[in-house]
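Coordinates in review
Each chain, letter by letter, is given below.
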There are 2 protein chains.
Amino acid sequence: MTVSDCELCTGTGGRVIHDDGRLRVVGVDDADYPGLVRVIWNAHVREMTDLASAERAHLMQIVFAVERAQRAALEPHKMNVASLGNMTPHLHWHLIPRFADDAHFPGPIWSERRRTTPAAILSARRALVPALFEALARELTAMT
Amino acid sequence: MTVSDCELCTGTGGRVIHDDGRLRVVGVDDADYPGLVRVIWNAHVREMTDLASAERAHLMQIVFAVERAQRAALEPHKMNVASLGNMTPHLHWHLIPRFADDAHFPGPIWSERRRTTPAAILSARRALVPALFEALARELTAMT
C-alpha cells in the first residue's frame, strides 16, 4: 500500500540502516539529537492496531533492538519512544536518546527549547553515531 | 522495587481501571484530552529494555489493547503512543486519542497550544469516557 502524497511512502524518511521488506530503520541527521532513529513500517498503515498481531510483535521487537543499541552506544540519560504521526499518518516510531544537557530536557523534544547544548558535547555524541549505525545494521541483519 | 520520591511509586498516576500485579492501566482526567490513558509498569523500572522479553511483550499487549478500546469508543483521528519519562523515569506509556480540533493538533500534546476546543465537543467526548473505562476494565480482566 503506497500513498502518493505521503512523505514516508515517497521518501525513505532518513538514511536507511536496515530494511527487512516489512519495515525499515533509518538514522535521522538531527542537529540537536545525534543518534535519533526512526523505525518505519513500509506499507502505509495508520495505527499499530491496524497491524496483525505478529506484525506488531515484529515491529516492536525491532524498536526495542534499536533502543538497546542506542543505550549501549550513547548511554543516554533516558530513552524517549513515540509513535505520533499526526502530520504523517504512516506508522513510524521515533527513538530519541535524551540527555540532561540536551535542547529540551526534561521536556519532550516537541516542547519549548530550553538551552543550546555545548558544541563540543554534541560533537562527541555525533562521533559515536557511525559505530551505532554499523552495529545496528549488523545486529538487525542477524535478527532477520 | 519502590522509590520513595517517585510519584508513580508513591501514587497511582490516575484512576486505576485495571491492575494485574505487574502493571496498571489508569485513566487520566485531562481537560483537553478526554479518554487519555496511561499504562504504568508497577515496579520502578526505567526503560523498556530493562524488562525481560516476556514482560515487555505483556506490557505492549496491554498498551495495544488500550489503543484498540480507545479507537472503538472515541474514533480518534489519530492515536499518539509515547514512553518518555524524562521527569518521572518510571516506565509508563501515554495513550492519547487525538482529534483535528484538539488543543495541539497536529502538534504533539507537549508542543505549543494552538486552539481551544469548543466546550460542547469536549463534553460530547467526555461523555464517552465512562463506557470506555468500563469496557477496558472488562476486556483487560478477560485477558488476564
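This text goes with the structure placed above it.
Residues numbered from 1 in each chain as written. Chains lettered and ligands numbered in written order. Predicted model: local features only at pLDDT ≥ 70, side-chain atom pairs only at ≥ 80, totals over all residues. Heavy atoms only, no water.

**As for the overall build of chain A**
Check the secondary structure of chain A and you find four helices and five strands. Mapped from its N terminus to its C terminus, chain A presents α and β elements in the order α-β-β-β-α-β-β-α-α. The C-alpha radius of gyration computed for chain A amounts to 15 Å, which stays within 12% of the reference 15 Å derived for 144 residues, consistent with globular compactness. Each principal axis of the C-alpha distribution contributes one length, and for chain A these read about 45 × 35 × 25 Å. Here chain A holds 144 residues, and 54% of them are scored as buried. In chain A, the share of contacts with a sequence separation of at least 24, taken over all contacts with a separation of at least 6, comes to 52%. (Helix = DSSP H or I, 4+ residues; strand = E, 2+ residues; numbered from the N terminus. Rg over C-alpha atoms; globule rule 2.2 N^0.38 Å. Buried < 20%, exposed > 50% of the residue type's maximum accessible area, 1.4 Å probe, protein only. Contact = heavy atoms within 4.5 Å.)

**Overview of the packing of helix α2 (residues 53-74) of chain A against helix α2 (residues 53-74) of chain B**
Viewed as axis vectors pointing N to C, α2(A) and α2(B) meet at an angle of 125 degrees, and their least axial separation amounts to 11 Å. On the basis of their axis angle, the class for α2(A) and α2(B) is oblique. Helix-helix and strand crossings are classified by hand; for α2(A) and α2(B) the assignment is right-handed. Along the contact surface, α2(A) presents A:Arg56, A:Met60, A:Phe64 and A:Arg68, while α2(B) presents B:Arg56, B:Met60, B:Phe64 and B:Arg68. In the contact of α2(A) with α2(B), the residues fall into four nonpolar, no polar and four charged. (Axes fitted to C-alpha atoms, helices over the stretch in contact; angles between N-to-C directions. Parallel < 35°, antiparallel > 145°, perpendicular 65-115°, else oblique. Left-handed = near helix turned anticlockwise from the far one by under 90°. Nonpolar A, V, L, I, M, F, W, Y, C, P; charged D, E, K, R; others polar.)

**Remarks on the interface of chain B and chain A**
With 31 residues of chain B at the interface, the matching set in chain A holds 31 residues. Buried surface at the junction of chain B and chain A, both sides included, amounts to about 3,000 Å², of which 51% is carbon and sulfur. Here A:Lys78 and B:Glu47 are joined by a salt bridge, their closest N and O atoms 2.8 Å apart. Joining chain B to chain A, the criterion identifies 24 residue pairs in polar contact (both at pLDDT 80 or more). At the level of elements, α2, β4 (78-83) and β5 (92-98) of chain B are the ones that each hand at least two residues to the side of chain B that touches chain A. Here strand β4 (residues 78-83) of chain A pairs with β4(B) via three bridges, running antiparallel. (Buried area = accessible area lost by both parts, 1.4 Å probe. Salt bridge = Lys/Arg side-chain N within 4 Å of Asp/Glu carboxyl O. Polar contact = N/O pair within 3.5 Å; in protein donor to acceptor, adjacent residues only side chain to side chain. Pairing = 2+ DSSP bridges.)

**Details of the side chain of B:His94**
All names here are of chain B. By secondary structure assignment, the location of His94 is in strand β5. Accessibility expressed as a relative area gives 11% for His94, which makes it buried. Separated by 3.2 Å, the side chains of His94 and Arg38 make a polar contact. Residues in contact with His94, not counting those within four places in the same chain, are Val37, Arg38, Asn80, Val81, Ala82 and Trp110.

**Describing the packing of aromatic side chains**
If you walk through the whole model with that rule in mind, you get two aromatic pairs over all chains. Aromatic pair A:Trp93 and B:Trp93: ring centres 5.9 Å apart, planes at 90 degrees, arrangement edge-to-face. With A:Trp93 in strand β5 (residues 92-98) and B:Trp93 in strand β5, this residue pair bridges two chains. With relative accessibility at 0%, the residue B:Trp93 sits in the buried group. Here the basic side chain of A:Arg125 rests over the ring of A:Phe99, its NZ or CZ set 3.7 Å away from the ring centre. (Phe/Tyr/Trp six-rings, centres within 6.5 Å; stacked < 30°, edge-to-face > 60°. Lys NZ or Arg CZ within 6 Å of the ring centre and 35° of its normal.)

**Observations concerning the pairing of strand β2 (residues 23-27) of chain A**
Residue and element names in this part refer to chain A. With five of its five residues buried, β2 lies for the most part within the structure. Side chains Leu23, Val25 and Gly27 project from β2 onto one buried face, and the interleaved Arg24 and Val26 project onto a second face that is buried too. Pairing of strand β1 (residues 15-19) with β2 involves four bridges; the strand directions are antiparallel. Bridge pairing in β2 places Val16 opposite Val26. Between β1 and the antiparallel strand that follows it, β2, lie three residues; Gly21 among them carries a positive phi value of about 95 degrees. In terms of strand pairing, β2 meets strand β3 (residues 37-41) through five bridges, oriented antiparallel. Residue pairing for β3: Val25 is matched across the bridge by Val39.

**Notes on the side chain of A:Thr49**
For A:Thr49, the location among the structural elements is in the loop between β3 and α2. Among the residues examined, A:Thr49 registers a relative accessible area of 14% and is labelled buried. Side chain to side chain, A:Thr49 and B:Glu67 meet in a polar contact 2.4 Å long. Residues contacting A:Thr49, with those up to four places away along its chain left out, are A:Arg56, B:Phe64, B:Glu67, B:Arg68 and B:Arg71.

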